[in-house]
Every structure is written in structure tokens, then in C-alpha cells.
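# Examination of the molecular architecture
The lines below spell out each chain.
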Amino acid sequence: MVAYNPFELAGNGFDLEEAGIDHTAEFDKLVKELKRAYCDAYMTSLNYVVVGDEYVEFPSRPRGSSFEPKTFTRPAEDGEGGGTCTSAQTVGKTSFVATFNDLRSQIDATVSNFRYFATGEEMKQACDHSNLWASSLHPYKQENDSSIPYWLELIGHDLDKGTSLTLDRVAAEMVGRIQPALSYLQDATYALTSLYVTTRHTLLITRSDVRKALSSAISACNSYTNSRGIVPILKISSTILKITGKAQNLMKGDLNTIADSIDRIADWLTVDEDEEWLNFPLIITPTNIIDALKKSLDKINTNLTSAETGIKDGFSEIDKKLSVCNNKGTIRIDKYTGSSDKYSSNIEISWTDLKNTYDHNLPRVAELLREVKNEAHNTRYPSAFSHSSAIGLGTSGAWPKLVNTLNSIQDCIERLAESCEGIAAGLRDYEADTKATETESYENLSKIRRTLDRYITVKPRFS
């Protein structure tokens, strides 16, 4: 599949089908089948044929000569047992039990690292959670009408009532910058979502390829047994996972018009899947089949490692972009970019509305921001995308890098919450300073800004 869209949250046709498969259960079935098939092929290489539940020595003497073939028990359907001599004249003298145990151990050593992957449902829940988290940061009421945007709009309306240059500046230069800041943080969380879904797609492909490799090895063993030696060619498919970095498309919106975040980031990170076949010509011994299987699984692991590395780099890129935005002041409201023109004027203010703004509405926005921030603690990435520690980047994949990015986003959200509390405290002081005289000056705005600064304690640490 080319140009895989990571924002198809439900997944494409392949994802939907693979997610419903119990990989570990199917893996175990295939391994059991492979163990029996491998023992069959091995006995074939020693000039035995499969007859029901036994191996019977193939006659090598001329017809008419006195010859009773040796017979041994075949492993059961689960691949276990077998190797016991059932020929009367050789009972207790010859056994393949230890040999079969060794063959089974070879298979276990080759494939065991690919047995465990998180379930499709676990992966889906993590992707859905990330998407909901991103949606909760949407800065505009038409897309998020019951949360933060509602309260920001209410604050804006209340600050606009009456006549006050100070409150006009607070509305435009402080509260008015919260929505653009949220839009950038929402971009970052949507970018995380794309990486979550890309991780899911990568792991679903990987585990599917593992089972295909096992099936190919089983077929090769059966062909070897049925043809009494030599498999002309063994083909095992392996998907090349190409993580295409398009970080220039990450968080490229401007502060005035916020386009749909998904459209802006959809092509930032894709998985281009080109199926390649590993060809192993002229399989002469059963051991060659297991060697080919090991090489195939090594290739699958290389592809997984490459993909998880690209995803890890994607998490780092989000963090870097956030660092740039932080330095520019686009994801914070405590870096002043407004006018510094001095002024002094009379005011006409509804003190009741102003009190409601600093006592209730701004604290409510801070509370909601912290609720959104805390949702990051519920990310299921380490468990939802887990696999054996021996493959890829380890059991939790790119999680060590993701956790740094999550912390950065949380710190940015907390800084906005602290800023809301600082504005509220500044407005409370502003009321006390100006209520009696009903006049104001630029110094009132400066005091509100200084109060805001005192409330800022969180300084995001970007990687």
C-alpha cells in the first residue's frame, strides 16, 4: 500500500482484518505445525517415509530379500513427542526422541521473539484516546462547543463590555492569544495521533509477515517431505516499511487562520509498503529451511527497527517544533507582542462581569486546561504497542522518546493554565486600583503583565 493515511483511525482494510486476529494463538498453531513438519522433513532426509503416525524406513534392498523396515513414532499434531522406535527387533536400541527435542528447540530459538504483540483492540484504544485528546484541545467553539472555547468566548465578551483600553489590551494581547496557542498544541497532539496510528500499522504488518514466514517454512518442509528431498525455491515475503519524514508540514498553520489540522499533517508521516520476496533457491537439507526462516525473521526485524526509529524521530521532531514555537511565543501568552503605546483614560466597566471573569471564568479555563493536560497520563502507548524486548527498539518501541514529547506538551498546557491564573490575579488587582477613581493608565496593564509573570513556574524542557 502506498501513501498510507495515518488518519484513517479505524485503519484500512488490512488493518481492520489483521487487528481482529489473535496473533499469539495463530502463531502457536503455526509453530506446532512447523515442528511436526520439520521432523517429517528431517526423517525424510534419513530415508524414511511418513505413513500415518509413523516413520517407516524406505526399502533399499531388492525385492524378495528379507527386510523388515525400522519404524518410529511421528510427533503428534501439536509437534510434540515422537521418535520412539516401534520395530520389534530394535526396541530400546534406537531413538530419535532427543533428536526431535533438539529440532523443536531450534525452532523455538528461531521464532520465539516474534510470538508476542499487543492485541489489535489495545492498539485501537490507544489511537482513539490520542485522537480524543487532540480534539479536546480544539480552540474554536464550532468544533469543541462544550469546553475551553466556550469559556474563552465568554471571557472575551465580558472584557469587551464597557470602555477600557486596559481590558481591551488584556482581551487582545493575553486572553486572545490562548486560542492560537491551543491550535499549535492541537497540531502537536494530532501529529502524535498520526504516529500512534503509524505504529499500529507497522506492528500489524510485522506480525502478519511473521506468520507468513512461518507458513512458508511449513510449506517448504512439506514440499521437502512430499518430494523426498530438495525444494527448488523457497519464497518468504517481507514488507519494507519506509517511514517518510515530511516534518516541514508539521504545525505550519499561522496565528490568524487555523486550517484543519488533519489536512495539514496527514502526509507528514506515511508508511510505504513495498512487498519484497526473499528467495532461497535449492533447499537441500531441512536445516536450510530453518536457516532461511531465521534470515527472513531477521529481515522482518530490521524493517520493524527501521520503522520504529522513524517514529521515534517523528516524536523528536514534534518536540523540536514545539521548542521553536515556544521561543517565538506562539504557544504561550506571557511573551508580550502587543503595543507599548502609553495611554491614560477614563473607564466604564461592569465590575460584576469583571469579577465573574477573574473569580470564575479564567480559573475555569485553567482547570479545564489541566484536565486536558492530565489526559496525557492516560496514554497507553507502552502497553498498547508492546512486543518482545528482543525485536525493534525494545518492548515499548519509541516510548522513551514519546514520553519526553508528552511532557513537553503537558508543560506547555500547564504554562497556559498558570497564565490564566496570573491574568485573573492581575484583573483582581486592577479592579482594586481603579474602582475608586474610574481612571486607568498604561501602568495598570504593566502591573497585570507583571502579575502574570509571577504565576509562571513551569518552563518546558524540550529535547
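Moving on to the overall build of the protein chain. Scanning the protein chain from N- to C-terminus turns up 13 helices and seven strands. Its C-alpha radius of gyration of 33 Å places the protein chain more than 25% over the 23 Å reference for a compact globule of 463 residues. The principal-axis extent of the C-alpha atoms belonging to the protein chain is close to 125 × 35 × 30 Å. Across the 463 residues in the protein chain, those meeting the buried criterion constitute 52%. When contacts within the protein chain are restricted to residue pairs at least 6 apart in sequence, long-range pairs at least 24 apart make up 80% of them. Per element, the accessible surface of the protein chain, about 20000 Å² overall, is 49% carbon and sulfur. Across the protein chain, the 51 positively charged side chains and the 64 negatively charged ones have centroids separated by 5 Å.

Another point: a nonpolar patch on the surface. Residues Ile230, Leu282 and Ile284 make up a contiguous nonpolar surface patch of about 270 Å² in total accessible area. Its place among the elements puts Ile284 in the loop between strand E5 (269-283) and helix H9 (286-328). Overall, the relative accessible area of 46% leaves Ile284 in the partly exposed class.

Once that is clear, we can look at the packing of aromatic side chains. Tallied over the full model, the rule gives 12 aromatic pairs. Here Tyr381 and Phe385 contribute two aromatic rings whose centre-to-centre distance is 4.8 Å and whose plane-to-plane angle is 55°, an arrangement assigned as tilted. Neither Tyr381 nor Phe385 differs from the other in exposure class; each is buried. Plain terms: the ring middles of Tyr381 and Trp399 are 6.5 Å apart, the flat faces sit at 20° to each other, and that makes the pair stacked. In this pair, Tyr381 is assigned in helix H11 (residues 381-384) and Trp399 in helix H12 (residues 399-434), connecting sequence segments 18 residues apart. Look at Tyr381 and you get buried, because its relative accessible area is 2%. Connected via pairs of aromatic rings, a cluster forms that spans Tyr48, Tyr55, Phe72, Phe96 and Phe100.

Reading across the sheet, the three strands line up as E1-E2-E3 and stay open at both edges, with antiparallel pairing between neighbours. Either end of the sheet is taken by a strand with one partner, and the two such strands are strand E1 (48-51) and strand E3 (71-73). In this sheet, adjacent strand axes meet at a mean angle of 30° when their direction is disregarded. Both strand E2 (residues 54-57) and E3 contribute to a ladder of three bridges, which runs antiparallel. The residue of E3 that forms the bridge with Tyr55 is Phe72. Contacts between helix H2 (residues 23-45) and the sheet are confined to E1, E2 and E3, with E2 contributing the most and set at about 10° to the helix.

Attention shifts here to the packing of H2 against helix H7 (residues 178-226). For the pair H2 and H7, the least separation of the axes is 8 Å and the interaxial angle reads 25°. In terms of orientation, H2 lies roughly parallel with respect to H7. Crossing angle aside, the handedness with which H2 passes H7 is left-handed. Its residues assigned to classes, the contact of H2 with H7 shows 13 nonpolar, six polar and five charged.

Moving on, we get to the pairing of E1. By the bridge criterion, four bridges tie E1 to E2 in an arrangement that is antiparallel. Opposite Val51, over in E2, you have Glu54 as the bridge partner. Linking E1 back to E2 in an antiparallel pair, the connection comprises two residues, with Gly52 at a positive phi of about 65°.

We now examine helix H13 (residues 442-455). With 14 residues, H13 extends 21 Å between its outermost C-alpha atoms, agreeing within 8% with the 20 Å of an ideal straight helix rising 1.5 Å per residue. Within the span of H13, buried status applies to Tyr442, Asn444, Leu445, Ser446, Ile448, Arg449, Thr451 and Leu452. Contacts made by the buried residues of H13 are with helix H6 (165-174), H12 and strand E7 (439-441).

Where H2 contacts H9, the axes come no closer than 8 Å and their chain directions differ by 145°. Contact residues: H2 offers Leu34, Tyr38, Ala41, Tyr42 and Ser45, while H9 offers Pro286, Thr287, Ile290 and Leu293. Class assignment for the residues of the contact of H2 with H9 results in seven nonpolar, two polar and no charged.

Okay, the environment of Ser164 next. Within the secondary structure, Ser164 sits in the loop between helix H5 (148-160) and H6. Note on Ser164: relative accessible area 5%, which makes it buried. Considered as a pair, Ser164 and Phe114 are 50 residues apart in the sequence and their alpha carbons are 67 Å apart. Discounting residues that sit within four places of it in the chain, Ser164 has contacts with Ile347, Ile349, Tyr430 and Glu440. A polar contact of 3.1 Å, which involves the side chain of Ser164, links it to the side chain of Tyr430.

Take the pattern of salt bridges next. Scanning the entire structure with this criterion turns up 29 salt bridges. A salt bridge links Arg169 to Glu173, with the nearest nitrogen and oxygen atoms 3.6 Å apart. Within this pair, Arg169 and its partner Glu173 are both found in helix H6, separated by four residues, close to a single helical turn. The two residues Arg169 and Glu173 agree in class, both being buried. The partner of Glu443 in a salt bridge is Arg450, with the nearest N and O atoms 2.6 Å apart. Where salt bridges share partners, they join Lys35, Glu80, Arg104 and Asp108 into one cluster.

Cut-off values and rules
- Residues numbered from 1 in each chain as written.
- Predicted model: local features only at pLDDT ≥ 70, side-chain atom pairs only at ≥ 80, totals over all residues.
- Heavy atoms only, no water.
- Helix = DSSP H or I, 4+ residues; strand = E, 2+ residues; numbered from the N terminus.
- Rg over C-alpha atoms; globule rule 2.2 N^0.38 Å.
- Buried < 20%, exposed > 50% of the residue type's maximum accessible area, 1.4 Å probe, protein only.
- Contact = heavy atoms within 4.5 Å.
- Areas by Shrake-Rupley, 256 points an atom, 1.4 Å probe, with all protein chains shown as cover.
- Lys, Arg positive; Asp, Glu negative; His and termini not counted.
- Charge placed at Lys NZ, Arg CZ, Asp CG, Glu CD.
- Patch = residues over 30% accessible without salt bridge, like charges linked within 9 Å, V, L, I, M, F, W, Y side chains within 5 Å.
- Salt bridge = Lys/Arg side-chain N within 4 Å of Asp/Glu carboxyl O.
- Phe/Tyr/Trp six-rings, centres within 6.5 Å; stacked < 30°, edge-to-face > 60°.
- Pairing = 2+ DSSP bridges.
- Axes fitted to C-alpha atoms, helices over the stretch in contact; angles between N-to-C directions.
- Parallel < 35°, antiparallel > 145°, perpendicular 65-115°, else oblique.
- Left-handed = near helix turned anticlockwise from the far one by under 90°.
- Nonpolar A, V, L, I, M, F, W, Y, C, P; charged D, E, K, R; others polar.
- Expected span 1.5 Å × (residues − 1).
- Polar contact = N/O pair within 3.5 Å; in protein donor to acceptor, adjacent residues only side chain to side chain.

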